[in-house]
Structure formats: structure tokens, C-alpha cells
Amino acid sequence: MAAEAWIGAGIVTATIGLWATARLPEYLVALLFFATVSVLHLAPPDVLFSGFSSAAFWLVLSGFVLGVAIRKVGLADRIARSLASRLTGSWPQMVGGVVLLTYALAFIMPSNMGRIALLMPIVLALADRAGLVAGSRGRTALALAVGFGTFQLSASILPANVPNLIMAGAAERAYGIHLSYLPYLLLHAPVLGLLKGLALVGCLCLLFPAKPQKIAAHGASNPLSSAEKRLSALLLATLALWITDGVHGISPAWIGLAAACVCVLPRIGFLAGDEFAAGVNIRTCLYIAGILGLAAFVNHSGLGASMGTWLLHRLPLDPSSPGSSFGALVALTSTLNFTVTANGVPALFTPLAQSLADASGLPLLTVLMVQVIGYATPLLPYQASPIVVAMGMGQVAARDGIRLCLALAAITFLMLVPLDYAWFKLLGQIPR
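Just so it is clear, the model here is predicted, and its values are computed rather than measured. (Residues numbered from 1 in each chain as written. Predicted model: local features only at pLDDT ≥ 70, side-chain atom pairs only at ≥ 80, totals over all residues. Heavy atoms only, no water.)

K.L.:
Describe in detail the nonpolar core, supporting the description with residues and values.
P.N.:
Across soluble globular proteins, you tend to see nonpolar side chains buried next to one another. With 155 residues, the main nonpolar core has Trp-91, Leu-142, Leu-204, Leu-231, Phe-326 and Leu-356 as its most contacted residues. A per-element tally of this core places helix H4 (residues 55–73) first, with 12 residues. Each residue touching Leu-356, except ones within four places of it in the same chain, is listed here: Leu-312, Leu-315, Leu-317, Leu-329, Leu-332, Phe-349 and Val-367. (Core = buried A, V, L, I, M, F, W, Y, C linked by side-chain atoms within 4.5 Å. Buried < 20%, exposed > 50% of the residue type's maximum accessible area, 1.4 Å probe, protein only. Helix = DSSP H or I, 4+ residues; strand = E, 2+ residues; numbered from the N terminus. Contact = heavy atoms within 4.5 Å.)

In C-alpha cells:
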């Protein structure tokens, strides 16, 4: 590589290292990355700061606004009261119920960020009612359940995850392969959806044990206030537009932004200026912009392509050993995830898929599907921006997110990947 490329590689490595070790605040690392690349003229502003113009950034910001509004008017506490008696019977029941909510909502709502914006204030209100105070292990576990359940489990549902959509679009453009909803669900839901969900519940219960207060069912609640009725109507309209984005063609980000604007309008809305300032976590927004800018910089500089090509020639791909080839491809996507993050993996991996299929002897469609396992299993939180957002909204410490990432990744690679291989083989995706 040229000297400029080596400098870029050093900056990327340092940025990832600082995020991984949490030696500096995550927003400060993002700002240092922006400043260094700008001063050295390593990327044009439209690439470096592309995160600020991305749909993900604006979904994050609007998600914070909607979350604050849901908490302020009392809707979060009202919904939490209706769930409390059903979910607080035991700690595994409570964690499992929250994880199940994240997975069920993924079938009807396409946006990870939107789902987190709706669920997080409700789950935090549920934690309050169960006596899980701020900073407690139980509250941390429930916030992580929202983030990890929303991102990792939704990878098994084709339209419910941004990397899935990037992969589907790239596969159709490059190879003319059109992925269908039900075959995709059948291939991934049993292991990456259901079994991984059980593994997530187990990890949360073991790493963050807690004893929620048992809450008995209450009688009839107070009628909805005027603010609750207006916000409910706004949320239902927003949800309807999110669900039907394939019909009207408006991005979920802009729908969320419009809803956020309504929330802060004078008289009509629900939040004053100081409430908006206090509720929007600018630290997390800057972090998200930094993650997206890093991925764009890696692609612009050619580091991602160079890394992919270098790894391609060093993978132990052998047509006579489909099992080892399957594992090597999962390892490749996991490695790429460190530099280009989850959204960037399918954009980088998919063009290499035909070469990987030829070298491994696996069908092209199988190679394309293997990458889902890798990008849906981040080893560090920064690799998946929805997890970062959930940690920001739930005020979760970086070390707790890292612990869960590593524990769930270990279970996935040691236990679920072999099961996935067997399932792929049973469905005819692996040659016998």
C-alpha cells in the first residue's frame, strides 16, 4: 500500500482500539477521528462526514426525541403497567419477555432504530416499576436486551435489518439473485432467530442477575390524557408509515424526523426546548456519525477492498471440506466487521462471493447467506450502531456491552455455527 494508505490504516486501527478499550469517551474518539482525517486531507468532507447525512443518524436523533416524549406524557409508564404483571414473575421470564418483544416487533416494523425508539422508554419504565434502579445490573440487562434482540435477532428476517437489505440489493445487482422473504426466514430463523434468542436470554440472566419485584395485576387504569391521545395518534401514524415504507417509498428516517418535529412544535408538540436539549444524547449521535464515517473512509481509501482481497488468498477454502470452508467464510465476515462495521460487510463481501464460491466449492447462494451469521454477531458494540444507540438510551457502560458481545459471540461461533451448518445442509444449501 502507499504511504497514505498506511497512515489511513493506522488511524482506523487507533480509532477502533480506543472504542474497543473505552480508554477515552466514545464521542471524543469520533471527534478525534474526524479532526485527524480532515487535517491530513485523507478523505473529502462528503465521505468523512457522510454519517451526518445518513438515514441512520437521523433515525437515532428522532428516536431520542420520540423516546423522551413517550416518557414525558406517561405512555411509557402506562404500557409498562400493562406488561408488568405478565413479565415480573421471575428474572428469566422478564428478560425473555423483553427479548421476545424485540423479535416480534421486527416482523412488522422495518427499522432497527425505530423499534429501539419505541421499546426503550417502555422497557425502562418497566424496570422502574420492578424496582430495577438506574445503574443496577437488572436495568442494564433490560436495556441490552432491547439493543441486542433488536439488531441480532432481526438479521433472520429479510426486510428488518439494514445489512440484510444492502446484501439483497448487492446480490441482485451483481448476480441477478432475488432473495425471497419466506425461504430466507426458513433458512435463518431457527438458529439465528430462535436459538440465538435463547442464548441471549441465558447470557443476560447469567451476566446480569437481578431480582425484579413481583407486580400484581391492577384494575382499570385512568383514562388517557389529551397529550397521551395525541401522542398515541402520532405514534400509530408513524408506525403505519414505517410498516408501509415499501408502498410509499419514504425512508423510515424521514418519517421519524417528521414525527420528532411534531413532538417539539410549540403548543402542538410535547417537548420544550430545554427538554429537547436534555433528552437528545448528542454523545451517542456523534458516536454513530463517527462509526458511519469510519466505514465510509475505509471504503473510500480502498482499505476494505485490500483487506478483503488479502484475506481471500489466505482463507483455508477447500471444496473437499465444506465444513471448514463454511467456518472460514464466517470468520472472514467477522473480521471484515471490525473495519467496515455491520452495514459495510455486505457491500464489501458480496462482490467477493463468486470468487469465494469458486474456491470453496459451495453454491453462490450459500456463500451469500453465510455472511449473515458474521455481520449479525458483532464482537464489539461499535460494529452495530443499533446496539450503540440502545446503550446510549439505556445509559449502559461500555464494558457491559463488550462483555455481552463477547459472551454471545463465543456461544454463536462454538455452538450455533455448527448447528447452522447442519441446518444449511439439511435444507440442501451444502453439497452432500
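K.L.:
Talk me through the side chain of Asn-164; I want residue IDs and the actual numbers.
P.N.:
Along the chain, Asn-164 turns up in helix H9 (residues 162–175). Looking at Asn-164, its side chain comes within polar contact range of the side chain of Tyr-184, at 3.3 Å. Non-local contacts of Asn-164, meaning those with residues more than four positions away in its chain, are made with Ser-154, Ala-155, Ile-157, Leu-158, Tyr-184, Val-372 and Tyr-375. (Polar contact = N/O pair within 3.5 Å; in protein donor to acceptor, adjacent residues only side chain to side chain.)

K.L.:
Could you give an account of helix H2 (residues 26–39), naming the residues involved and the relevant values?
P.N.:
Helix length check: H2 (14 residues) gives 20 Å between terminal C-alpha atoms against 20 Å at 1.5 Å per residue, within 8%. Buried within H2 we find Val-29, Ala-30, Phe-33, Phe-34 and Val-37. All buried residues of H2 lie within an arc of 140° about the axis, which places them on one face of the element. Where the residues of H2 are buried, they touch helix H1 (3–21), helix H3 (45–48) and helix H15 (282–301). Positive phi appears at His-41, one or two residues downstream of H2, with a value of about 55°. (Expected span 1.5 Å × (residues − 1). Arc of directions from axis to C-beta.)

K.L.:
How would you explain a nonpolar patch on the surface if you had to name every residue and give the values?
P.N.:
On the surface, Ile-7, Val-39 and Leu-40 cluster together into a nonpolar patch covering about 280 Å² of accessible area. Along the polypeptide, Val-39 turns up in helix H2. In this structure Val-39 comes out as exposed when scored by relative accessible area, which is 63%. (Patch = residues over 30% accessible without salt bridge, like charges linked within 9 Å, V, L, I, M, F, W, Y side chains within 5 Å. Areas by Shrake-Rupley, 256 points an atom, 1.4 Å probe, with all protein chains shown as cover. Salt bridge = Lys/Arg side-chain N within 4 Å of Asp/Glu carboxyl O.)

K.L.:
Quick rundown of the state of the cysteines? Include the residues and the values.
P.N.:
One pass over the structure, following the stated rule, counts zero disulfides. A disulfide-free cysteine, Cys-261 has its sulfur positioned 9.2 Å from the sulfur of Cys-263, the nearest such atom. Residue classification places Cys-261 among the partly exposed residues on the basis of a relative accessible area of 41%. Free cysteine: Cys-285, not disulfide-bonded; nearest cysteine sulfur from Cys-261 at 14 Å. Assessed through its relative accessible area of 3%, Cys-285 is described here as buried. (Disulfide = S-S within 2.5 Å.)

K.L.:
Explain the pattern of salt bridges residue by residue, including any values.
P.N.:
For side chains of opposite charge, pairing can occur when their charged atoms come near one another. All chains considered together, the criterion is met by four salt bridges. Asp-128 is the salt-bridge partner of Arg-139, the closest N and O atoms lying 2.5 Å from each other. Here Arg-139 is found in helix H8 (residues 137–154), whereas its partner Asp-128 is found in helix H7 (residues 112–129), with 11 residues between them in sequence. Given the relative accessible area of 12%, Arg-139 is considered buried. In this structure, Asp-400 and Arg-403 form a salt bridge, with 3.5 Å as the shortest nitrogen-oxygen distance. Here Asp-400 pairs with Arg-403, and both are found in helix H21 (residues 398–426), just three residues apart, close to one helical turn. Of the residues examined, Arg-403 reaches a relative accessible area of 38% and is grouped as partly exposed.

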